[in-house]
Amino acid sequence: MWQQTLITLRPRPRGLHLVTDDVLAGLPFLRTCRVGLLQLFLQHTSAGLALNENADPDVRADMARWLDRAVPDGAPYFEHRLEGDDDMAAHVKSSLLGASLLLPVREGRLALGTWQGIWLGEFRDHGGPRRLLATLQGEE
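Note that the structure is a prediction, hence the values are computed from the model and not measured. (Residues numbered from 1 in each chain as written. Predicted model: local features only at pLDDT ≥ 70, side-chain atom pairs only at ≥ 80, totals over all residues. Heavy atoms only, no water.)

Asks: What exactly am I supposed to notice about the side chain of Thr20 here?
Replies: In this fold, Thr20 is placed in helix H1 (residues 20-25). Every residue in contact with Thr20, bar those within four places of it in the chain, is listed here: Gly117 and Ile118. (Helix = DSSP H or I, 4+ residues; strand = E, 2+ residues; numbered from the N terminus. Contact = heavy atoms within 4.5 Å.)

So, in structure tokens, the structure goes:
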């Protein structure tokens, strides 16, 4: 079985956001999969995906602060500034987090750990809606 769909995530402010429920809402066919793999691919170069803590929002806030400190907007060594001071920093953060996840599926559900959730890293001040291509391969 192969299924593919494009999920559009609503615009979010800069930061790290738990989007597991948004992703699952866009995947009604997931519950028919007994065993498989779900690949999520974010079609943007200034945002990222991660699998991390799903319970304590302090973890997302701490990670966002670390990323902002490690890769500051408008750093003097950045030449690329076509869309503002947050432009190049967003590209670096996107590369650090990555643009895709490969997740196991078991008995119609994501087989995540108890405290794991899907994060969207929004690294622009005004990133807009984000497109996530979801591809499921598995057995019904």
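Asks: Sorry if this is basic, but what is going on with helix H3 (residues 86-97) here?
Replies: Every α-helix winds through 3.6 residues per turn, so residues three or four apart in the chain are directed the same way. The terminal C-alpha atoms of H3 lie 16 Å apart, and with 12 residues this matches the ideal 16 Å at 1.5 Å per residue to within 8%. Buried residues belonging to H3 abut strand S4 (47-53) and helix H2 (57-70). Two residues or fewer past H3, Gly98 is found with a positive phi of approximately 100 degrees. (Expected span 1.5 Å × (residues − 1).)

Asks: Whenever I open this one, the sheet that holds strand S7 (residues 116-122) confuses me. Can you help?
Replies: Backbone-to-backbone hydrogen bonds pair the strands of a sheet. The strands run either parallel or antiparallel. Taken in spatial order, the 3 strands of this open sheet run S2-S7-S4, and their pairing is antiparallel. Each of the sheet's edge strands pairs with one partner strand only, and the pair in question is strand S2 (15-18) and S4. Each adjacent strand pair in this sheet contributes to an overall mean axis angle of 30 degrees, direction not counted. Both S2 and S7 contribute to a ladder of 4 bridges, which runs antiparallel. The residue bridging Leu18 from the neighbouring strand is Trp119, located in S7. Each of S2, S4 and S7 touches H2; the most contacted strand, S2, lies at about 150 degrees to it. Along the sheet, H3 makes contact with S2, S4 and S7, crossing S4 at roughly 40 degrees. (Pairing = 2+ DSSP bridges. Axes fitted to C-alpha atoms, helices over the stretch in contact; angles between N-to-C directions.)

Asks: Looking at this structure, how should I read the pattern of salt bridges?
Replies: Side chains that carry opposite charge are capable of pairing whenever their charged atoms lie near each other. If you walk through the whole model with that rule in mind, you get 13 salt bridges. Of the charged contacts, one joins Arg65 and Asp62 as a salt bridge, the two residues approaching to 2.4 Å between their closest N and O atoms. You can see Arg65 and its partner Asp62 sitting in helix H2, 3 residues apart, about one turn around the helix. A salt bridge links Asp86 to Arg124; its shortest N-O distance comes to 2.9 Å. In this pair, Asp86 is assigned in helix H3 and Arg124 in the loop between S7 and strand S8 (130-139), connecting sequence segments 38 residues apart. Considered together, Asp86 and Arg124 belong to a single accessibility category, that of buried residues. (Salt bridge = Lys/Arg side-chain N within 4 Å of Asp/Glu carboxyl O. Buried < 20%, exposed > 50% of the residue type's maximum accessible area, 1.4 Å probe, protein only.)

Asks: Got a minute to help me understand the sheet that holds strand S5 (residues 100-106) in this structure?
Replies: One open sheet accounts for 5 strands, arranged S1-S8-S3-S5-S6; its pairing is antiparallel. Edge strands, defined here as strands with exactly one partner in the open sheet, are strand S1 (2-9) and strand S6 (109-110). For S1 and S8, the ladder comprises 8 bridges, and the chain directions are antiparallel. The residue bridging Leu9 from the neighbouring strand is Arg130, located in S8.

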